[in-house]
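Report on the structure
The chain contents come next:
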Amino acid sequence: FDAGHLDDGNVVEDNLVQSDYPGDALTFQLQKNGRVAGNVVSGGAISMISNKNSECMGNVIESSKGAGIFVKVPAENNNLQGNTILGSESSGIVVRRRNGQTPTSYRAPGIVIQENYVESTRFMGIEIDQTVGAVIDGNTVKGPDFSAIYLLRTDAPEVINNRVEDFGQS
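Scoring rules and cut-offs
Residues numbered from 1 in each chain as written. Predicted model: local features only at pLDDT ≥ 70, side-chain atom pairs only at ≥ 80, totals over all residues. Heavy atoms only, no water. Pairing = 2+ DSSP bridges. Helix = DSSP H or I, 4+ residues; strand = E, 2+ residues; numbered from the N terminus. Axes fitted to C-alpha atoms, helices over the stretch in contact; angles between N-to-C directions. Core = buried A, V, L, I, M, F, W, Y, C linked by side-chain atoms within 4.5 Å. Buried < 20%, exposed > 50% of the residue type's maximum accessible area, 1.4 Å probe, protein only. Contact = heavy atoms within 4.5 Å. Salt bridge = Lys/Arg side-chain N within 4 Å of Asp/Glu carboxyl O. Polar contact = N/O pair within 3.5 Å; in protein donor to acceptor, adjacent residues only side chain to side chain.

Overview of the pairing of strand E14 (residues 93-96)
Pairing analysis gives 4 bridges linking strand E11 (residues 69-72) to E14, with the strands arranged parallel. Bridge pairing in E14 places Ile-69 opposite Ile-93. Note that E14 and strand E18 (residues 126-129) share 3 bridges and pair parallel. Bridging from a neighbouring strand, Val-95 pairs with Ile-128 of E18.

So, the sheet that holds E14
Here 6 strands make up an open sheet; going across it, the order is E4-E8-E11-E14-E18-E22 and the pairing parallel. On the outer flanks of this sheet lie strand E4 (24-29) and strand E22 (149-152), each paired with one strand and no other. For this sheet the average axis-to-axis angle between neighbouring strands, irrespective of direction, equals 10 degrees.

Describing the nonpolar core
With 29 residues, the main nonpolar core has Ile-46, Ile-69, Ile-93 and Ile-113 as its most contacted residues. Listed by contribution, the elements that provide at least two residues to this core are E4, strand E8 (45-49), E11, E14 and E18. When residues no more than four places from it in sequence are discounted, the contact partners of Ile-69 are Ile-46, Cys-56, Ile-61, Leu-80, Asn-83, Ile-85, Gly-92, Ile-93 and Val-94.

As for the sheet that holds strand E9 (residues 55-57)
One open sheet accounts for 7 strands, arranged E2-E6-E9-E12-E16-E20-E23; its pairing is parallel. Strand pairing shows two members of the sheet lacking a second neighbour, strand E2 (11-13) and strand E23 (158-160), which therefore form its edges. Strand-to-strand twist in this sheet, taken as the mean axis angle between neighbours without regard to direction, amounts to 5 degrees. Relative to strand E20 (residues 135-137), strand E16 (residues 112-114) runs parallel, the two being bridged by 3 bridges.

Here we look at the pattern of salt bridges
Per the stated rule, a full pass over the model turns up 7 salt bridges. Where Asp-145 meets Arg-122, a salt bridge forms, and the shortest distance between an N and an O atom there is 2.8 Å. Highlighted residues: Asp-145 in the loop between strand E21 (140-142) and E22 and Arg-122 in the loop between strand E17 (117-119) and E18, separated in sequence by 23 residues. For Arg-122, a relative accessible area of 38% gives the class partly exposed. Linking Lys-142 and Glu-165 is a salt bridge whose minimum nitrogen-to-oxygen distance equals 3.9 Å. Here the residue Lys-142 occupies a position in strand E21, and Glu-165 occupies one in strand E24 (residues 163-165), the gap between them amounting to 23 residues. Beyond isolated ion pairs, a larger network of salt bridges with shared partners links Lys-142, Arg-163 and Glu-165.

Digging into the side chain of Thr-121
Mapped onto the fold, Thr-121 is located in the loop between E17 and E18. In this structure Thr-121 comes out as buried when scored by relative accessible area, which is 1%. Polar contacts involving the side chain of Thr-121 include one to the main-chain carbonyl oxygen of Met-124, which spans 3.0 Å. Not counting residues up to four positions away in its chain, the partners in contact with Thr-121 are Ser-88, Ser-90, Ser-91, Gly-92, Gly-143, Pro-144 and Asp-145.

So this is what it looks like as structure tokens:
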């Protein structure tokens, strides 16, 4: 990641992906200047793994066996915008390390999570870990089992203009 050996300019757009696999149904890994947009994913997650300057926009993720969208750090300048996540069995949107591969001291800069709709997740609505200056703006989170927006090991976030309804087990 730090050495800059990333694929450049790849696009995954307007696909229908159906899966019963409990992990990643659509994986976008080690990319820069890339885009994942307009896809419909049913039964699995979209994973953005160690990307720079990339976008995940306008996707619909339904009934994922894990998170709806997972951004693995290290990552830099990734924009998650206008996605719809319904009924994930984990959190709706997750930004964090996976399997302890990234030191806990690392902070991902430039993460923007904006204008997403997250409903009926079985853990958190939006879960952010190990970022600096993240922007969580204009999202709607309805009915997560626990916290609507959860921040851990995150420095100087901007959490603004979000709408949260019916969070926590009832």
